[in-house]
Amino acid sequence: MASVSQSRLLLCFFSLFCFHVLSSRTRVSAAVFACDVRSNPSLAGLGFCNASLGSGERVGDLVKRLTLQEKIGFLVNSAGSVSRLGIPKYEWWSEALHGVSYVGPGTHFSSVVPAATSFPQVILTAASFNASLFLAIGKVVSTEARAMYNVGLAGLTFWSPNINIFRDPRWGRGQETPGEDPLLSSKYGSAYVTGLQQSDDPNPDSLKVAACCKHYTAYDLDNWKGTDRYHFNAVVTQQDLDDTFQPPFKSCVVDGNVASVMCSYNQVNGKPTCADPDLLSGVIRGQWKLNGYIVSDCDSVDVIYNSQHYTKTPEEAAAITISAGLDLNCGSFLGQHTEAAVKGGLLNESAIDNAVSNNFATLMRLGFFDGDPSKHVYGNLGPKDVCTAEHQELARQAARQGIVLLKNSPGSLPLSPTAIKTLAVIGPNANVTKTMIGNYEGTPCKYTTPLQGLTASVATTYLPGCSNVGCSTAQVEDAKKLAASADATVLVMGADQSIEAESRDRVDIRLPGQQQLLISQVANVSKGPVILVIMSGGGFDISFAKTDNKITSILWVGYPGQAGGAAIADVIFGYYNPSGRLPMTWYPQSYVDKVPMTNMNMRADPSKGYPGRTYRFYTGETVFSFGDGLSYSEFKHKLVKTTQIVSLPLEDDHVCRSSKCISVDAGQQNCQGLAFDIHLQVTNSGRTRGSHTVFLFSSPPSVHNSPHKQLVDFDKVSLDAKANGMVKFKVDVCRHLSVVDEFGSRKVALGEHVLHIGTLKHSLTVMI
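Description of the structure in this document. Here the residue index of a chain counts from 1 through its sequence in written order. This being a predicted model, a pLDDT of at least 70 is required before a residue's local features are given, and a value of 80 or more before pairs of side-chain atoms are given or counted; all residues contribute to the totals for chains, interfaces and linings. Side-chain numbers here rest on the full set of heavy atoms in the structure, without hydrogens or water.

1. A closer look at the state of the cysteines
Link 1 in the chain: Put simply, a disulfide is two cysteine sulfurs that come within 2.5 Å. Taken as a whole and assessed by the stated rule, the structure comprises seven disulfides.
Link 2 in the chain: One disulfide bridge connects Cys-263 with Cys-274, the sulfur atoms lying 2.1 Å from each other. With the S-S bond torsion at 110 degrees, the cross-link from Cys-263 to Cys-274 turns out right-handed. Highlighted residues: Cys-263 in strand β7 (residues 260–263) and Cys-274 in the loop between β9 (271–272) and α9 (278–287), separated in sequence by eleven residues.
Link 3 in the chain: Covalent S-S linkage joins Cys-298 and Cys-330, the inter-sulfur distance amounting to 2.0 Å. Taking the sign of the torsion about the S-S bond as the criterion, the disulfide between Cys-298 and Cys-330, at about 80 degrees, is right-handed. Here the residue Cys-298 occupies a position in the loop between β10 (293–296) and α10 (300–306), and Cys-330 occupies one in the loop between α11 (314–324) and α12 (333–343), the gap between them amounting to 32 residues. Pair check on accessibility: Cys-298 and Cys-330 agree, each one buried. Elements are defined by DSSP. Helices are runs of H or I of four residues or more, strands are runs of E of two residues or more, and each kind is numbered from the N terminus. When a residue's accessible area, from a 1.4 Å probe over protein chains only, is under 20% of the maximum for its type it is buried; when over 50% it is exposed; and in between it is partly exposed.

Laid out in structure tokens, this is it:
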């Protein structure tokens, strides 16, 4: 038997052993950072570690200390270390599309931070048409990202948002975007980027985290009928490029001051975007003055050589991309072939200096070279700041605001939680978890499924109806029995990542498998209201449901995030008055039968039977239109203040003084600052408090093949029942009322412009 002192010693040893084992499982790692003067005091004498110097001076000092091989190590996402200078390895690739994501090697979840707030997929958040919400989500995501960085679980550079135009309903990645409208996408991009990047540091150039707007440009096809994104050449007119595809990126850079732009896989008019000096150095850095770095989509430099065979050698691919303005390669290609490109005379080392300088400058703005991050303005953030109650409530609020009520027969929604004794909940998406958060997701704080959300208010009976959304076989008879005995029925149908995803475009836009059969059969026997809930990123041809009187209500809920089920129940039971509007057109199947996804033209061509794309140019029938969305209240508009004539001042020798013009250059000096106000009284004439999106559209004169309608601005107002409020728009004539001509120049059309606000129409004449 051991002595008492020996027993105490053993007990002490055992306790220390247990503590070591437990702490090793939950140990908080340190953030990765450079210039750690505590461990290496000599670093304090290096210029690039001196935070009191200007960023340009610090970057210049660092670059001149590096060898060619060391510089090349900073051209790739898994950046190399330089231990002699106190620079550790840094992983550039993290994602934060709608919450901190585990996609990309830069971010990890662990027992220290097991989850992060998962907001709705972007397409649903965009449906809120609430710019303040876009900003608020960005702020929460960046707070959680910084908190995770501080414990060594994330980087500081996040390759989000995706602001590509949702041009075609079949695109699998449309779910990641703000929709089909350039103005909405522009406002979303700049607001979300501001939320991510805006820092409390007194240095105005500092960043909370660095955002990245992607995928530049005209990228909206992944894999359709044998054509994939790696080989696709997007043939785009200059008019469509400047009118539709470029505005969100311009807004991201000019208005949002984004730290990065990512070039895409595809070619545009025969040139890979990552190797096009006009698009990169010319537009992004030259015209728009990007303050940051340009990064390739992952392995796209490799794609240029190995898939597109655009160059004869890998060294040529390295040379043309860096020379075009590419700063960082997601992938290893530049790390492998750049040195040979320099030694072979294809590339000057000065081009590499420029590239790594842009990368280092971004890290400087993030404080990466300022030493211990705990001393940073966000150094106190940690696990306690992730998945907070406030953050999770915002996720629920975002889903509520985005949900779109597309159909509502009298006496259907909202359901009464006291009158409904039994609710049948049917469908393959009725009790899903991961489906709700879409792609580029992280581990959510928790899930509330639609079934759980509904069951919290009333007694439910549940049947999936199909084994999955593919619905190859349906439990029609069992579902009919359930619905026939319930006071109301909710059918939760739609899609998931097996139907629409990155590298997976749809061929048709009908509901998969036997979903339509199940819906129609159940609706036919239901004794109470039938609410069809579509969970998806893209739209569907659900004409059958729109015209079926037995289907009393239709909701589109996108991929609504971690709190999606609670938000759906909030709307169905009237705890929240729906206010979402569709950010994309829902077409009939006949549209995709005759329009190839590879045709990039936005404008209709009647001579070829081509109907055009998006609400701005499409000439055919729709199932639901951009901006559609109902409320439990009725909102009325009344113009209070506006103008009827706007005169453009021109110089005495202007050509339009002596000859008839159809438009004038929107960039001319006399055009700048010419604006007028529109004041609108909005009245909630219903019996329920609600929010209402006010759209200001313009129909310009029919010149330059202009859009027949385009969004000028939007605002969201919340009103009590029977209350009214004022919405004010300031319309910049040359910015908001201009159109792009056939050569890509922005023009103000002379003549009658019709402004649309709901059912109101107001004529405005622009004259010289």
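2. As for the environment of Ser-699
Link 1 in the chain: Structurally, the position occupied by Ser-699 is in strand β21 (residues 690–699).
Link 2 in the chain: Residue Ser-699 is classed as buried on the basis of its relative accessible area of 14%.
Link 3 in the chain: Expressed as a C-alpha distance, the spacing of Ser-699 and Leu-737, which sit 38 residues apart in the sequence, is 8.8 Å.
Link 4 in the chain: If near-sequence neighbours (up to four positions away) are discounted, Ser-699 is found in contact with His-708, Lys-709, Glu-752, His-753, Val-754 and His-756.
Link 5 in the chain: Think of a polar contact as two N or O atoms within 3.5 Å of one another; within protein, one of them needs to be a possible hydrogen donor and the other a possible acceptor, and neighboring residues in sequence only count if both atoms come from side chains. From its side chain, Ser-699 meets the backbone oxygen of His-708 in a polar contact 2.8 Å long. The contact definition used throughout considers only heavy atoms, calling two residues in contact when any of these lie within 4.5 Å.

3. Let's talk about the nonpolar core
Link 1 in the chain: To define a nonpolar core, start from buried Ala, Val, Leu, Ile, Met, Phe, Trp, Tyr and Cys residues and group those joined through side-chain atoms within 4.5 Å. Grouped together as the largest cluster of nonpolar side chains are 125 residues, with contacts concentrated most on Phe-48, Trp-159 and Phe-369.
Link 2 in the chain: Here this core takes nine residues from helix α5 (residues 131–150), the largest share from any one element.
Link 3 in the chain: The next biggest cluster of nonpolar side chains, apart from the first, holds 88 residues, and it includes Trp-224, Ala-234, Ala-479 and Leu-532.

4. Some remarks on the side chain of Asp-168
Link 1 in the chain: On the secondary structure map, Asp-168 appears in the loop between α5 and α6 (182–197).
Link 2 in the chain: Assessed through its relative accessible area of 0%, Asp-168 is described here as buried.
Link 3 in the chain: There is a polar contact of 2.7 Å between the side chain of Asp-168 and the side chain of Arg-613.
Link 4 in the chain: When residues no more than four places from it in sequence are discounted, the contact partners of Asp-168 are Met-597 and Arg-613.

5. Some details on the pattern of salt bridges
Link 1 in the chain: Each salt bridge in this description consists of a side-chain nitrogen of Lys or Arg and a carboxyl oxygen of Asp or Glu lying within 4 Å of one another. Taken as a whole and judged by the stated rule, the model has 33 salt bridges.
Link 2 in the chain: Note that Arg-229 and Glu-502 form a salt bridge whose closest N and O atoms lie 2.8 Å from each other. Residue Arg-229 is located in the loop between β5 (227–228) and β6 (233–234), and its partner Glu-502 is located in the loop between β14 (488–494) and α17 (515–525); the two are separated by 273 residues in the primary sequence.
Link 3 in the chain: Arg-229 gets classed as buried once you look at its relative accessible area, which sits at 5%.
Link 4 in the chain: Classification of Glu-502 by relative accessible area gives partly exposed; the value is 24%.
Link 5 in the chain: Close ionic contact of Lys-480 with Glu-477 constitutes a salt bridge, the shortest N to O distance being 3.6 Å.

6. As for the packing of aromatic side chains
Link 1 in the chain: Two rings from Phe, Tyr or Trp (for Trp, the six-membered ring) form a pair when their centres are within 6.5 Å of each other. A pair whose planes differ by under 30 degrees is stacked, one over 60 is edge-to-face, and the rest are tilted. Enumeration over the complete set of coordinates arrives at 31 aromatic pairs.
Link 2 in the chain: Ring geometry for Trp-171 against Tyr-219: centres 5.7 Å apart, planes inclined by 90 degrees, an arrangement best described as edge-to-face. Placement of Trp-171 in the loop between α5 and α6 and of Tyr-219 in the loop between β3 (213–216) and β4 (223–224) is noted, with a sequence separation of 48 residues between them.
Link 3 in the chain: Relative to Tyr-265, the ring of Tyr-230 lies with its centre 4.9 Å away and its plane at 75 degrees, an arrangement referred to as edge-to-face. You can see Tyr-230 sitting in the loop between β5 and β6 and its partner Tyr-265 sitting in the loop between β7 and β8 (267–268), a full 35 residues away along the chain.
Link 4 in the chain: Tyr-230 gets classed as partly exposed once you look at its relative accessible area, which sits at 26%.
Link 5 in the chain: The rings of Phe-48, Phe-74, Tyr-90, Trp-92, Tyr-293, Phe-360, Phe-368 and Phe-369 are connected pair by pair, giving a single aromatic cluster.
Link 6 in the chain: Distance and angle both matter: a charge sits over a ring if NZ of Lys or CZ of Arg is within 6 Å of the ring centre and within 35 degrees of the ring normal. The ring centre of Tyr-440 lies 4.9 Å from the NZ or CZ of Lys-214, which sits over that ring.

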